[in-house]
Amino acid sequence: MKANIIQFSFGDGFAGSAKMAVLSSKALIDSGHSVKLVVSKDSLTKKRALEKGIPVIEFDSKQKNSTLVKNILSNCKLQNTDFIVAYHSQDRKVVMKLKSKLKKEIISVAYRQNISLSTPIIGSFLYNKYFDYMIACSNGVAQSLIQEGIKKNKVFTIHNTTEIPENIDSISGEKIRNQFQLNDKIVLGISSWFHKERKGFDILFEVFSKLDAKFVLLIIGIPDENQNEVIEYAGTFGISETRIIMPGYVDNIYEYYKCGLPIIASDIPGNDEFVEDRKNGLLFNISKPEELIDGILELTRDPLLVKNFGINAKATFEAEFAFKRFAEKLNSFFDEAISNRKK
């Protein structure tokens with residue numbers, strides 16, 4: 001059953017939610033749905049979408065939300081639309097206003113949402129009123145939404161995905177190691193926006209400060225304007241900026257983090273849905289940072305374990321989290337949602 005879908009992803013496009021908006025649009029188009037992606041003017045999201053042949057509508061998202069909504073209603077032809085989908089905080093506010101005007105004429109969806117703990121009651125009331133469904137990026141997020149007051153029948157889990165380039169086997173990472181003089185170093189890598197405690201940088205830096213100088217920290221995705229904040233925060237743990245490598249935003253992420261690398265992750269909902277401890281990676285208790293240190297040192301000493309974890313992690317991804325599997329789940333969700341509306 002094919003649907004007309006308008007997805008919203010405002011902002012500069014560096015957040016993970018923006019990448020998922022592009023990937024989901026591609027998946028839905030490939031499944032035969034009609035999709036338009038509404039983006040901020042001249043954003044990275046627009047660039048990525050156009051590269052994949054995704055139709056875009058761009059607005060100046062810095063204008064007042066009331067003006068933005070009025071412009072959207074005038075230019076997006078929502079009367080023939082089945083779904084409006086929000087991916088980010090501004091998107092949610094816009095979609096709420098659109099839903100309040102269009103009511104039952106359209107199905108509203110919020111993707112991978114968490115409610116602010118500062119206003120849980122108000123947040124859950126508004127989400128229940130103005131969103132027909134919520135797509136959570138993990139079972140852990142789904143449970144947190146339900147615990148905060150979102151109606152259970154509104155919440156669906158569809159795990160995030162990524163695309164693996166066809167030439168992955170030919171990517172060695174040698175150029176990157178040479179560029180940053182890493183051939184005699186042990187590289188610990190993450191890809192994340194800098195949200196200090198919320199993203200676990202406090203735990204990471206505490207542990208990293210206890211490792212010797214042969215270890216370096218590679219952080220992908222921190223924009224140039226935020227890198228001094230990272231360096232200053234690391235300095236409070238006694239970490240020299242010479243041990244931190246921040247290339248900023250990169251398109252060629254697989255030259256940095258190739259498939260098959262071993263994973264060490266905190267044992268929290270979401271992570272534990274991919275990482276099976278001692279099978280395809282290691283999990284550590286966030287209240288026991290020494291477990292992370294032990295895990296890093298164990299992998300440093302055991303190259304066979306590193307190889308086995310990498311092989312198993314790749315197999316897990318291909319079986320459960322690959323783009324094709326993501327597309328199937330997403331298509332099933334929209335089919336079911338539109339069928340329910342017609343009953």
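Above this text you will find the structure in question.
Concerning the sheet that holds strand E7 (residues 155-157)
Step number 1: Sheet architecture is open: seven strands sit in the order E3-E2-E1-E4-E5-E6-E7, paired in parallel fashion. Of all strands in the sheet, those bounded by a partner on one side alone are strand E3 (56-59) and E7. Ignoring which end each strand starts from, the neighbouring axes of this sheet average 20° apart.
Step number 2: In this structure, strand E4 (residues 83-86) lies alongside strand E5 (residues 107-111), joined through four bridges in parallel fashion.

With respect to the state of the cysteines
Working definition of a disulfide: a covalent bond connecting the sulfur atoms of two cysteines.
Step number 1: This model, assessed by the stated rule, comprises zero disulfides.
Step number 2: The structure places no disulfide on Cys137, whose sulfur is separated from the nearest cysteine sulfur, that of Cys259, by 20 Å.
Step number 3: Look at Cys259 and you get partly exposed, because its relative accessible area is 27%.

Overview of the sheet that holds strand E8 (residues 186-191)
Step number 1: Pairing within the open sheet is parallel, and its three strands lie in the order E8-E9-E10. With one partner strand each, in any of the chains shown, E8 and strand E10 (244-248) form the two edges of the open sheet. Ignoring which end each strand starts from, the neighbouring axes of this sheet average 20° apart.
Step number 2: As judged from the six bridges shared by E8 and strand E9 (residues 215-220), these two strands associate in the parallel manner. The residue bridging Leu188 from the neighbouring strand is Leu217, located in E9.
Step number 3: Taken strand by strand, helix H8 (residues 201-208) contacts E8 and E9, and its axis lies near 160° from that of E9.
Step number 4: Sheet strands touched by helix H9 (residues 227-235): E9 and E10. Its angle to E10, the strand with the most contacts, is close to 165°.

Here's the deal with the packing of aromatic side chains
Step number 1: Enumeration according to the criterion identifies 15 aromatic pairs in this entry.
Step number 2: Aromatic pair Phe83 and Phe334: ring centres 4.8 Å apart, planes at 85°, arrangement edge-to-face. Of this pair, Phe83 sits in strand E4 while Phe334 sits in helix H12 (residues 323-342), placing them 251 residues apart in sequence.
Step number 3: Classification of Phe83 by relative accessible area gives buried; the value is 0%.
Step number 4: Phe334 sits in the buried class, given a relative accessible area of 1%.
Step number 5: With a centroid separation of 5.8 Å and an interplanar angle of 50°, the aromatic rings of Phe205 and Tyr233 are classed as tilted. Linking Phe205 in helix H8 with Tyr233 in helix H9, this pair joins segments that are 28 residues apart in sequence.

Examining the side chain of Asp91
Step number 1: When you line up the elements, Asp91 lands in helix H4 (residues 89-102).
Step number 2: One buried charged side chain, Asp91, makes no salt bridge at all; its nearest oppositely charged neighbour is Arg92, positioned 7.3 Å away.
Step number 3: In terms of polar contacts, Asp91 uses its side chain to reach the backbone amide nitrogen of His88, at 2.7 Å.
Step number 4: Residues contacting Asp91, with those up to four places away along its chain left out, are Phe8, Ser9, Phe10 and Ala86.

Comments concerning the side chain of Ser43
Step number 1: Structurally, Ser43 is set in the loop between strand E2 (34-40) and helix H2 (44-51).
Step number 2: By relative accessible area, Ser43 is classed as buried at 8%.
Step number 3: Polar contacts involving the side chain of Ser43 include one to the main-chain carbonyl oxygen of Ser40, which spans 2.9 Å.
Step number 4: Those residues within four positions of Ser43 in sequence are excluded, and the remaining contacts are Gly11 and Asp12.

With respect to H8
Step number 1: In terms of burial, H8 is a largely internal element, six of the eight residues being buried.
Step number 2: Taken together, the buried positions of H8 are occupied by Phe201, Ile203, Leu204, Phe205, Val207 and Phe208.
Step number 3: As for H8, its buried residues are in contact with E8, E9, H9, strand E12 (282-284) and helix H10 (289-301).

Some remarks on the nonpolar core
Step number 1: In this structure, Phe8 and Ile72 are the most contacted members of the largest nonpolar core, which totals 31 residues.
Step number 2: Contributing elements (two or more residues each) for this core: strand E1 (4-9), E3, helix H3 (65-75), E4, H4, helix H5 (120-130), strand E6 (133-136) and helix H6 (139-147).
Step number 3: Dropping the residues within four chain positions of it, Phe8 is found in contact with Val38, Ile72, Ile84, Val85, Ala86, Tyr87, Asp91, Val94, Val95 and Leu98.
Step number 4: Judged by nonpolar contacts, the second largest core, of 30 residues, contains Ala3, Leu28, Tyr87 and Tyr133.

Topic: the pattern of salt bridges
Should the charged atoms of two oppositely charged side chains come close, the side chains can pair.
Step number 1: This structure, assessed with the given rule, holds ten salt bridges.
Step number 2: The closest approach of N and O atoms between Lys99 and Asp132, which form a salt bridge, is 2.9 Å. Residue Lys99 is found in helix H4, and its partner Asp132 is found in the loop between H5 and E6; the two are separated by 33 residues along the sequence.
Step number 3: Residue Asp132 is classed as partly exposed on the basis of its relative accessible area, which comes to 26%.
Step number 4: Residue Glu298 pairs with Arg278 through a salt bridge whose shortest N-O separation is 2.5 Å. Of the two residues, Glu298 is situated in helix H10 and Arg278 in the loop between strand E11 (264-266) and E12; the sequence distance between them amounts to 20 residues.
Step number 5: Classification of Glu298 as partly exposed rests on a relative accessible area of 22%.
Step number 6: Overall, Arg278 belongs to the partly exposed group, its relative accessible area being 45%.
Step number 7: Connected through salt bridges with shared partners, the residues Asp42, Lys46 and Glu58 form a single ionic network.

Criteria and thresholds
Residues numbered from 1 in each chain as written. Predicted model: local features only at pLDDT ≥ 70, side-chain atom pairs only at ≥ 80, totals over all residues. Heavy atoms only, no water. Pairing = 2+ DSSP bridges. Helix = DSSP H or I, 4+ residues; strand = E, 2+ residues; numbered from the N terminus. Axes fitted to C-alpha atoms, helices over the stretch in contact; angles between N-to-C directions. Disulfide = S-S within 2.5 Å. Buried < 20%, exposed > 50% of the residue type's maximum accessible area, 1.4 Å probe, protein only. Contact = heavy atoms within 4.5 Å. Phe/Tyr/Trp six-rings, centres within 6.5 Å; stacked < 30°, edge-to-face > 60°. Lys, Arg positive; Asp, Glu negative; His and termini not counted. Salt bridge = Lys/Arg side-chain N within 4 Å of Asp/Glu carboxyl O. Polar contact = N/O pair within 3.5 Å; in protein donor to acceptor, adjacent residues only side chain to side chain. Core = buried A, V, L, I, M, F, W, Y, C linked by side-chain atoms within 4.5 Å.

Honestly, it's all geometry; don't read function into it.
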